[in-house]
Amino acid sequence: MATFLYKLGRLAFRRRHFVALIWVALLTLAGVGAASAPAAGNSSFSIPGTEAQKAFDLLEQRFPGMSADGATARVVFKAPSGEKMTGKDNKAAVNKTVKELKSGSEVVSVADPYTGHAVSKDGRIAYASVKYKVSGMELKDSSRDELKKAAQDARDAGLTVEVGGDALQATPETGSSEVIGLAVAAVVLVITFGSLLAAGFPLLTAVIGVGIGVSTITALANALDLGTTTSTLASMIGLAVGIDYALFIVSRYRAELAEGREREEAAGRAVGTAGSAVVFAGLTVVIALVGLSVVNIPMLTKMGVAAAGTVAIAVLIALTLIPALLGYAGRRIKPAGEKSKLLGGGRAKSAEKKARPNMGTRWASFVVRRPVAVLLLGVIGLGAAAVPAASLELGLPDDGSQPVSTTQRRAYDLLSEGFGPGFNGPLMVVVDAKDSAHPKAAFTKVGDEIKGLKDVVTVTPAVPNKAGDTATITVVPKSKPSSTTTEDLVHAIRGKGAGITSATDAKLLVTGSTAMNIDVSQRLNDALLPYLALVVGLAFLLLIVVFRSVLVPLKAALGFLLSVMAALGAVVAVFQWGWLSGLMNVEQTGPVMSMMPIFMVGVVFGLAMDYEVFLVTRMREAYVHGEKPTQAVVTGFNHGARVVTAAAVIMTAVFSGFMGSSEAMVKMIGFGLAIAVFFDAFIVRMAIVPAVLALLGDKAWWLPKWLDRALPNVDVEGEGLRTQSSADGKDADPDEERQLVRV
């Protein structure tokens, strides 16, 4: 592989005009496609095969005009202080609003608060339920504008009016913190390279890669039902890995220049060596993201595949566009150790400063001298951070998790105030009595059974369809939708199903957004261990090929598990317990998003393997060329620690930037990924990994002979390039060539 990538790097360097033109054309094409494509909506949480989904499908069949999956809105009214909603003027304003809402082209029905018993007991709060023909994703902007206008007209009449439901979704905003993340990345790159031009290349190529990836997602969003969160997460991951991959290529290029090689040769060698690591690091990320499809949740599958596509683009850009840009830069890119004149370059260094080892070398030397102490400290520290994960509670966000500045959240709070917290998450019980001899008796029995359960406030009379063989019953719990008490109630109602079927031959199904969220959470929990086994297993096999070792990949996988558990513990502490919630701008604590553990496992594993590959391949390269195990660790840090540190700081900064999002899910994922990268890069890869390798010694690189013969030689260390140079009489070092050892 190293030889092929070496040739690719030299070709891109020579044919830089052609390479640059291709990428500009791709960016333009993707941009035009995104600009001309219809806007995407918000992807749903539906899952095939769950009880809630089966109930929705049944409603579509038995209640043709009901639009079971159609968008809904609740326009909530609150009377001025000292007045009631039953007052003449207030009632007139509400009736006018209801009439205005009914005129909408996509509206199926609007329930009048005064005829539908939708006024609170104290008379101060009322609501009108609006049902639409199409889902929230398909709702036209004109319908949303009509809804907002109707609410504003009621406000102008003196009422407090807020709108909840999925018909009026808040547009996610990332805020200025995303820009701050990029600014931090720029500063770190300038410090790392000592050159504004060299620092600009990773940022430029990462933005181009994300631009192509996100524009493509936007262009296909409507056709493939991709939600707004899909492009946000793709940009988050694509930006982070894009900067990192380019950083490693440019850094290796400068190191090759420092060894006296010509620029085209240096570009080829940088792509052949660091590029090989980029390919395998990218593969681990892609495997982890595409592997999300095994969960069998369409939304999660689409998010994973879209993000994986953006990562693949980042890899291709690093291998082709970066060497092309290096060709354009020419002598303005300085060898490693030299700074541009603008940043203080050209000054003579003292002999003492030249001889002093860098920080990475000094740290690695300290670790290999005291491996046991460093290992214990790292493991105990991460173990302590992981303790809160034992209290992990999972759920899915609803309007109650929105910022208090949104109308959805204020509507949620008003309904809780007027009708109780469970009113925001009513359960819909569907009774299929098609096979029952007495459908009406079955409907009555189901209602009576549910009334006898705990945590039930209201059970509405059954509403049958025209055929009289199916009915819906609305159940209002006492507790809020995301509580474990409501989840227990859903399971209790479903537990009555067997008895109902036995007594009446009718089937009972529980659905609604709350039940759907519970089913999604259960599916995610059940899929976590199989997904973990699949992703870690495939990546373990890939790393065996890369490192030609059994223990190094095993150590990498165990270290990842430690870092991801510590990161989950931090997420629980902040978003569930509320620690530092003010600092993190977390307005509402509660259960951790159900997708968080499995998403973190997928993404963090791929990113963690980036640092493992980039750092440990340098160590293996030194070991293969004759150095002792502990010295190889120090050499690996000497060459790679500075760059890996910069990459980790950049990735942490980029992920942290998404914590400014107004969407709770994006905020939580941004924090979780940022803290996971910090733990994995600085504690696992920088401390635990060298300590374990120092303790293992030569055993770290052990591989059974039969397996060594069976595995393909991918030559990530670039040994083939050294041999080729020796054969061609170029850049040969007799002392170095005598040290070539095949493990």
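Please read all numbers here as calculations on a predicted model, not as lab measurements.

### Notes on the overall build of the protein chain
Helix and strand counts for the protein chain come out as 25 helices and 11 strands. Residues counted as buried form 55% of the 743 residues belonging to the protein chain. As displayed, the protein chain has an accessible area near 31100 Å², and 60% of this comes from carbon and sulfur atoms.

### Concerning the packing of aromatic side chains
A full pass over the atoms with the stated rule returns nine aromatic pairs. A centroid spacing of 5.3 Å and a plane angle of 50 degrees characterise the contact between Phe678 and Phe682, whose relative ring orientation is tilted. Taken together, the residues Phe678 and Phe682, both in helix H22 (residues 664-696) and four residues apart, mark about one turn of the helix. Judged by its relative accessible area of 37%, Phe678 is partly exposed. Chaining the aromatic ring pairs together yields one cluster made of Tyr127, Phe419 and Phe423.

### Points about the sheet that holds strand E3 (residues 125-132)
Strand-to-strand pairing in sheets goes through backbone hydrogen bonds, with the strands running parallel or antiparallel. Ordered in space as E2-E3-E1-E4, the four strands form an open sheet in which the pairing is antiparallel. The open sheet is flanked by strand E2 (107-111) and strand E4 (160-164), the only strands paired with a single partner. Geometrically, the sheet is characterised by an average inter-axis angle of 20 degrees between neighbouring strands, direction not taken into account. As judged from the five bridges shared by strand E1 (residues 72-78) and E4, these two strands associate in the antiparallel manner. By the bridge assignment for E4, Phe77 is matched with Val161. Strand contacts of helix H5 (residues 141-156): E1, E3 and E4, with the helix running at about 160 degrees to E4, the strand carrying the most contacts. Across the sheet, helix H14 (residues 407-419) is in contact with E1, E3 and E4; its angle to E4 comes to roughly 105 degrees.

### A look at helix H21 (residues 629-657)
Its 29 residues place the ends of H21 39 Å apart at the C-alpha level, agreeing with the 42 Å of an ideal helix rising 1.5 Å per residue. The sharpest bend along H21 measures roughly 55 degrees and falls at Gly640. Where burial is concerned, most of H21 is hidden: 21 out of the 29 residues are buried.

### Some words on the environment of Pro629
Looking at the element boundaries, Pro629 is found in helix H21. The exposure class assigned to Pro629 is buried, which follows from its relative accessible area of 15%. Here the alpha-carbon distance between Pro629 and Met619, two residues 10 residues apart in the chain, equals 8.4 Å. Setting aside anything within four residues of it in sequence, one finds Pro629 in contact with Tyr623, Gly697 and Asp698.

### Observations concerning the packing of helix H15 (residues 439-451) against helix H17 (residues 497-504)
Pairs of packed helices are described in terms of their axes, by the angle between the two and the distance that separates them. Two elements in contact, H15 and H17, have axes whose closest approach is 11 Å; the angle formed by their N-to-C orientations is 150 degrees. Between H15 and H17, the angle falls in the class roughly antiparallel. For the pair H15 and H17, the crossing hand works out as right-handed. Contacts between H15 and H17 involve Ala442, Lys445, Val446 and Glu449 from the former and Ile500, Ala503 and Thr504 from the latter. A per-class count over the contact of H15 with H17 returns four nonpolar, one polar and two charged.

### Quick word on the pairing of E3
Burial of E3 is extensive: seven of the eight residues sit out of reach of the surface. The pairing of E1 with E3 spans seven bridges and is classified as antiparallel. Directly across from Ala73, in E3, lies its bridge partner Val130. Note that E2 and E3 share four bridges and pair antiparallel. Counterpart to Val110 in the pairing with E3 is Val130.

### Some points on the confidence of the model for the protein chain
The predicted model of the protein chain has a mean per-residue pLDDT of 82, with 88% of residues at 70 or higher. Mean pLDDT in the protein chain bottoms out at helix H25 (residues 734-738), which sits at 37, and peaks at helix H13 (residues 371-386), which reaches 94. Across residues 346-353, where pLDDT falls below 50, the model places three contacts with residues more than four positions away in sequence or in other chains. Low pLDDT, under 50, characterises residues 726-743; the predicted model gives this stretch 25 contacts beyond four residues in sequence or across chains.

### Considerations on the pattern of salt bridges
Here the structure, examined in full by the defined rule, presents 23 salt bridges. Of the charged contacts, one joins Glu51 and Arg494 as a salt bridge, the two residues approaching to 3.1 Å between their closest N and O atoms. Here Arg494 lies in helix H16 (residues 484-495) and Glu51 lies in helix H3 (residues 51-62), a separation of 443 residues in the sequence. With a closest N to O distance of 3.5 Å, Glu100 and Lys149 form a salt bridge. With Glu100 in helix H4 (residues 88-102) and Lys149 in helix H5, the pair connects residues that are 49 residues apart, well separated along the chain.

### A closer look at the nonpolar core
In this structure, Tyr245 and Phe560 are the most contacted members of the largest nonpolar core, which totals 169 residues. In contact with Phe560, not counting residues within four places along its chain, are Leu532, Val536, Val601, Val604, Phe605, Ala608, Met609, Asp680 and Arg685. Phe77, Ala154, Ala167 and Leu168 belong to the second-largest nonpolar core, a separate cluster that totals 27 residues.

### Section: the environment of Met85
Structurally, Met85 can be placed in the loop between E1 and H4. Spatially, the C-alpha atom of Met85 lies 9.4 Å from that of Tyr114, the residues being 29 residues apart in sequence. When sequence neighbours within four positions are dropped, the list of residues in contact with Met85 reads Phe77, Lys78, Ala79, Asn90, Lys91, Val94, Tyr114, Gly123, Arg124, Ile125, Ala126 and Leu159.

### Some thoughts on H13
For H13, spanning 16 residues, the distance from its first C-alpha to its last is 22 Å, which sits close to the expected 22 Å at 1.5 Å a residue. Those residues of H13 not exposed but buried are Pro371, Val374, Gly378, Leu382 and Ala386. For H13, the arc enclosing every buried residue in end-on projection is 95 degrees, short of the 170-degree limit, so these residues lie on one face. Away from the buried face of H13 by more than 90 degrees, exposed residues Leu376, Leu377 and Ile380 are located. Those residues of H13 hidden inside the fold are in contact with helix H12 (359-369), helix H19 (551-576) and H22.

### So, the side chain of Ser251
Along the chain, Ser251 turns up in helix H8 (residues 228-258). Relative accessible area serves as the criterion here: at 17%, Ser251 is assigned to the buried category.

### Let's talk about a nonpolar patch on the surface
A cluster of nonpolar side chains, Val294, Leu534, Leu538 and Leu541, forms an exposed patch at the surface whose accessible area comes to about 320 Å². Positionally, Leu538 belongs in helix H18 (residues 513-547). Under the relative-accessibility criterion, Leu538 is labelled partly exposed at 40%.

### Quick look at the environment of Ile473
By the element assignment, Ile473 lies in strand E9 (residues 470-477). In sequence terms Ile473 and Ile450 are 23 residues apart; their C-alpha atoms lie 9.8 Å from each other. Sequence-distant contacts of Ile473, defined by excluding residues within four places in its chain, comprise Leu427, Met428, Val429, Val431, Phe443, Val446, Gly447, Val459, Thr460 and Ala462.

### Considerations on unusual backbone geometry
Even without being a glycine, Asp455 presents a positive backbone phi close to 65 degrees. Relative to the helices and strands, Asp455 resides in the loop between H15 and strand E7 (456-459). Although it is not a glycine, Arg548 adopts a positive phi angle of roughly 50 degrees. With respect to the secondary-structure elements, Arg548 resides in the loop between H18 and H19. For Arg548, a relative accessible area of 7% gives the class buried.

Rules and cut-offs
Residues numbered from 1 in each chain as written. Predicted model: local features only at pLDDT ≥ 70, side-chain atom pairs only at ≥ 80, totals over all residues. Heavy atoms only, no water. Helix = DSSP H or I, 4+ residues; strand = E, 2+ residues; numbered from the N terminus. Buried < 20%, exposed > 50% of the residue type's maximum accessible area, 1.4 Å probe, protein only. Areas by Shrake-Rupley, 256 points an atom, 1.4 Å probe, with all protein chains shown as cover. Phe/Tyr/Trp six-rings, centres within 6.5 Å; stacked < 30°, edge-to-face > 60°. Pairing = 2+ DSSP bridges. Axes fitted to C-alpha atoms, helices over the stretch in contact; angles between N-to-C directions. Contact = heavy atoms within 4.5 Å. Expected span 1.5 Å × (residues − 1). Bend = angle between axes of the 7 residues up to and from the residue. Parallel < 35°, antiparallel > 145°, perpendicular 65-115°, else oblique. Left-handed = near helix turned anticlockwise from the far one by under 90°. Nonpolar A, V, L, I, M, F, W, Y, C, P; charged D, E, K, R; others polar. pLDDT = per-residue confidence, 0-100. Salt bridge = Lys/Arg side-chain N within 4 Å of Asp/Glu carboxyl O. Core = buried A, V, L, I, M, F, W, Y, C linked by side-chain atoms within 4.5 Å. Arc of directions from axis to C-beta. Patch = residues over 30% accessible without salt bridge, like charges linked within 9 Å, V, L, I, M, F, W, Y side chains within 5 Å.

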